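Examining the three-dimensional arrangement
This is what each chain is made of:
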Amino acid sequence: MSYPYQIKSSEEYRSAYEASVSDPEGFWAGIAAHFSWRRKWDKVLEWNFSDPDVKWFTGGQLNITENCLDRHLAERGDQPAIIWEPNDPGEDYRILTYKELHFKVCQFAQVLKNNGAKKGDRVCIYMPMVPELAIAVLACARIGVIHSVVFGGFSAQSIADRIQDAGCTLVITADGAFRGNKDIPLKSVIDDALVQCPTIRRVIVLTRTRVPVSMIKGRDTWWEDEIRKVETQGNPACPAEVMDAEDMLFILYTSGSTGKPKGVVHTCAGYMVFANYSFVNVFQYQPGDVYFCTADIGWITGHSYIVYGPLSAGATTLLFEGIPTFPDAGRFWDIVDKFKVNILYTAPTAIRSLMGFGLDFVKNKDLSSLKVLGTVGEPINEEAWHWYHEQIGKGRCPIVDTWWQTETGGILISNLAGVTPGKPAHATLPLPGVQPLLVDEKGEELHGNNVSGNLCIKFPWPSIIRTTYGDHDRCRTTYFATYPGLYFTGDGALRDEQGNYRITGRVDDVLNVSGHRIGTAEVENAINMHTGVVESAVVGYPHDIKGQGIYAYVIFNGNKTDEASIRKDITQTVARIIGPIAKPDKIQLVSGLPKTRSGKIMRRILRKIAEGELQNLGDTSTLLDPAVVEEIKGGKL
Ligand code: 7RM
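Residues numbered from 1 in each chain as written. Predicted model: local features only at pLDDT ≥ 70, side-chain atom pairs only at ≥ 80, totals over all residues. Heavy atoms only, no water.

Our next topic: the overall build of the protein. Regarding its fold elements, the protein presents 18 helices and 30 strands. Taken over C-alpha atoms, the radius of gyration comes to 24 Å for the protein, in line with the 26 Å a tight globule of 637 residues would show. Each principal axis of the C-alpha atoms in the protein carries an extent, and together these give about 75 × 65 × 55 Å. Counting all 637 residues of the protein, 61% fall into the buried class. In the protein, of all internal contacts separated by at least 6 residues, the share reaching a separation of at least 24 is 71%. Put simply, the protein shows about 23,300 Å² of open surface, and 50% of that area lies on carbon and sulfur atoms. Looking at charge distribution, the protein has the averaged site of its 66 positive side-chain charges lying 2 Å from that of its 74 negative ones. (Helix = DSSP H or I, 4+ residues; strand = E, 2+ residues; numbered from the N terminus. Rg over C-alpha atoms; globule rule 2.2 N^0.38 Å. Buried < 20%, exposed > 50% of the residue type's maximum accessible area, 1.4 Å probe, protein only. Contact = heavy atoms within 4.5 Å. Areas by Shrake-Rupley, 256 points an atom, 1.4 Å probe, with all protein chains shown as cover. Lys, Arg positive; Asp, Glu negative; His and termini not counted. Charge placed at Lys NZ, Arg CZ, Asp CG, Glu CD.)

Structure representation (structure tokens):
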């Protein structure tokens, strides 16, 4: 497969960018022509940002799995599509060629059909990072079933909320997951969740850890037994469902500034075109390259840049089940060495953490196969950038700093590896088709360079969020109402002398902890579930490795045992309600919170104290009881 739309020089970038702005429809029609369609589109783009209503390639029909699988069979059927590295380096790795992956996806799609799944149904996937997770995702897409993948670190309550919100009818899970030296009992978490989920009719369970699980008669069935049934049927070739361009492909839940996560909806054609286009251009993938993205498929990075982007490009994508520090902090580098990885895409938090383990884990690892490095999920600090560049890239690999969001579906701002210049801690320039701008508080556009403001986008790109599942108005108010006529990202950014963007972080009540998005309100709700908690307020503070840490101020009125056990109880409550990723790093017990006379918590003050800024707290004259501020300052952790 060659990529006629792969940009090869700065000049080509500039002309592609200009073409994409002066004639967006012509530009994207030219890219879309390189995919397999069952029916060509009638209209490239119809849109307004006030409803919002954005439609790409209407009238067009296709199936994303034909683009990810079938169309590669003739030319690269025997090439590895997925290389899988298990958690335990002692266990054998697996390779699935395009032919094998195609076969397995069709087979499992038939399993889904045998279990009553049909086009438009929603299916929840809660699985470890094994090839069967990618197979499950693609099998859903094959038959037009809408997948909702839930990251394996979320709790039973979080799963139940997501299943209920989407009205899922089927769950695909595994007995358990291996993560480092831990076994996570996925099936038992699902069992707890399903107590609250009457819409679920079937649970398909993959064997992974072989921990004992309870199987409920009539509801639960083993993946392997279902495959055997399909084999007895003689493996019917599972034809791809013909999908309209704007049919839903998947829902992925993400945190916002309110307590309830939103189901971000992406649709078939636009998402596919942009995931592929951005993959091919940002990473400059060349046929035969081994590409390794360390994210989990449970996040958008895994959807777009482990599964759909790479596979639609006929790439070899490496899927890793484990964690960066198991069995030791050299694991990523062992994998790069073992499979001769050419492109590595990871998160700043992982780089900072591995940096802390020292160079012993890097030396003696052959990293000479690496050509391109990437980062995603949070701002990368200069120190981590330089370490990644020198110690991993040996000074010869460009680093792409890719800025994007669950809602954007794909990378919007990034340099193109080796093609456009990078700059430490800067995502740099927008991809063709992406029109960013900065606005001030009032929504006035800030023109020129050397300015900072809130980052918005003024024109649709093909993989823009279409709706928030079940609540379109929430999509409008969250993203399109703050600045009418613009998509608002929730991020702040600077634009330097050369027009490069530097994303500085969220400007709303969303935290970014180790590259994971967590709403402060969500954590507060979870803390407040503890019977002894009267009220709480959660803010972020700078954390050396995680980027941001979670700082909770809690008014506690329960059984006054010792503070340590109160903290432990609260932490466990959060892990139970949301998942271990949302555990507060610090819990300060307080007798009151700084509130205005109208009862609003002044988070600005709490944020400053958590950051260690005890002097200039700004205007505190509107506080109901200024004395609580002194108490809180005195008890700072
Ligand atoms: C892909 C992903 C989105 C939020 C986003 C930003 C932050 C992501 C960068 C970044 C600075 C980057 N989706 N963010 N990439 N900040 N530089 N290169 O992470 O929906 O989970 O998070 O992540 O704040 O709004 S996400």
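Moving on from the model shown.
For the rest of this paragraph, the subject is the site of the ligand. With respect to spatial proximity, 17 residues lie near the ligand, and among them D401, T402, T406, D491 and R517 are the closest. Take G377: an N or O atom from its main chain is 3.2 Å from a nitrogen atom of the ligand. In this structure, R517 approaches the ligand through a side-chain N or O atom, which is 2.8 Å from an oxygen atom. Its free accessible area being 530 Å², the ligand has 96% of it covered by the protein chains. Partitioning the shell around the ligand into residue classes produces six nonpolar, six polar and five charged. (Near = heavy atom within 4 Å. Polar contact = N/O pair within 3.5 Å; in protein donor to acceptor, adjacent residues only side chain to side chain. Nonpolar A, V, L, I, M, F, W, Y, C, P; charged D, E, K, R; others polar.)

Right, let's get into the pattern of salt bridges. Overall, the coordinates contain 40 salt bridges when judged by the stated rule. For K99, the salt bridge is made with D78, and the minimal N-O distance between the two is 3.1 Å. Residue K99 is found in helix 4 (residues 98-114), and its partner D78 is found in the loop between helix 3 (64-76) and strand 4 (80-85); the two are separated by 21 residues along the sequence. Judged by relative accessible area, K99 falls into the partly exposed class, the value being 45%. Exposure remark for D78: the relative accessible area of 59% places this residue in the exposed category. Of the charged contacts in the structure, one is a salt bridge between E132 and R94, with a shortest N-O distance of 3.2 Å. Residue E132 is found in helix 5 (residues 131-142), and its partner R94 is found in strand 5 (residues 94-97); the two are separated by 38 residues along the sequence. Bridged by salt links that share partners, the residues K187, D191, R219 and D220 form one connected network. (Salt bridge = Lys/Arg side-chain N within 4 Å of Asp/Glu carboxyl O.)

Closest axis-to-axis distance for the helix 4/helix 5 pair is 8 Å, and the angle between their directions is 65°. Overall, the two elements helix 4 and helix 5 adopt an arrangement that is roughly perpendicular. For helix 4 against helix 5, the interelement crossing comes out right-handed. Residues L101, H102, K104, V105, C106, F108, A109 and L112 of helix 4 form the contact with helix 5, whose own contacting residues are I135, A136, L138, A139, C140 and R142. (Axes fitted to C-alpha atoms, helices over the stretch in contact; angles between N-to-C directions. Parallel < 35°, antiparallel > 145°, perpendicular 65-115°, else oblique. Left-handed = near helix turned anticlockwise from the far one by under 90°.)

Glancing now at the environment of E132. When its relative accessible area of 12% is taken as the criterion, E132 is described as buried. C-alpha of E132 to C-alpha of G635: the two residues are 503 residues apart in sequence and 49 Å apart in space. When near neighbours in sequence (up to four residues on either side) are disregarded, E132 contacts R94, M127, L206 and W223. A polar side-chain atom of E132 sits 3.2 Å from a polar atom in the side chain of R94.

Tracing the chain through its elements places D191 in helix 7 (residues 186-194). In this structure D191 touches S214, R219 and D220, once residues within four positions along its chain are discounted.

Here helix 18 (residues 627-634) has its buried residues at V628, V629 and I632. Looking straight down helix 18, one finds its buried side chains confined to an arc of 105°; they lie on one side. Those residues of helix 18 that are buried are in contact with strand 29 (547-556), strand 30 (586-590) and helix 17 (603-611). (Arc of directions from axis to C-beta.)

Turning our attention to the sheet that holds strand 15 (residues 262-267). A sheet is described by the order of its strands in space; here eight strands give the open sequence 12-11-8-6-7-14-15-23, paired in mixed fashion. The open sheet has two edge strands with one neighbour each: strand 12 (220-222) and strand 23 (467-468). Against the sheet, helix 7 contacts strand 6 (122-126), strand 8 (170-174), strand 11 (202-206) and strand 12, and its axis sits at roughly 155° relative to strand 8. (Pairing = 2+ DSSP bridges.)

Moving on: the pairing of strand 15. As a general feature of sheets, a regular strand has side chains that alternate between the two faces. The buried count for strand 15 comes to six of six residues, which makes it a mostly enclosed element. Residue alternation in strand 15 divides its side chains into two sets, K262, V264 and H266 and G263, V265 and T267, and both sets are buried. Here strand 14 (residues 248-254) pairs with strand 15 via six bridges, running antiparallel. In the sheet register, Y253 faces strand 15, and the bridge partner there is G263. Relative to strand 23, strand 15 runs antiparallel, the two sharing two bridges. What sits directly across from V265, in strand 23, is T467.

What follows covers the pairing of strand 28 (residues 533-543). Sheet analysis places strand 28 next to strand 29, joined by ten bridges and oriented antiparallel. Within strand 29, the position partnered with V538 by the bridge is A552. Count of turn residues in the strand 28/strand 29 antiparallel hairpin: three residues.

A sheet is described by the order of its strands in space; here four strands give the open sequence 21-22-24-25, paired in antiparallel fashion. Looking at which strands have only one partner, the edges of the open sheet turn out to be strand 21 (436-439) and strand 25 (501-506). Taken over all neighbouring pairs, the strand axes of this sheet differ in orientation by 45° on average, direction set aside. Pairing analysis gives five bridges linking strand 24 (residues 487-495) to strand 25, with the strands arranged antiparallel. Bridge assignment links L494 to a residue of strand 25, and that residue is R502.

Time to look at the side chain of S312. Structurally, S312 is set in helix 10 (residues 300-312). What makes S312 buried here is its relative accessible area of 0%. Only 3.0 Å separates the side chain of S312 from the side chain of N276, close enough to count as a polar contact.

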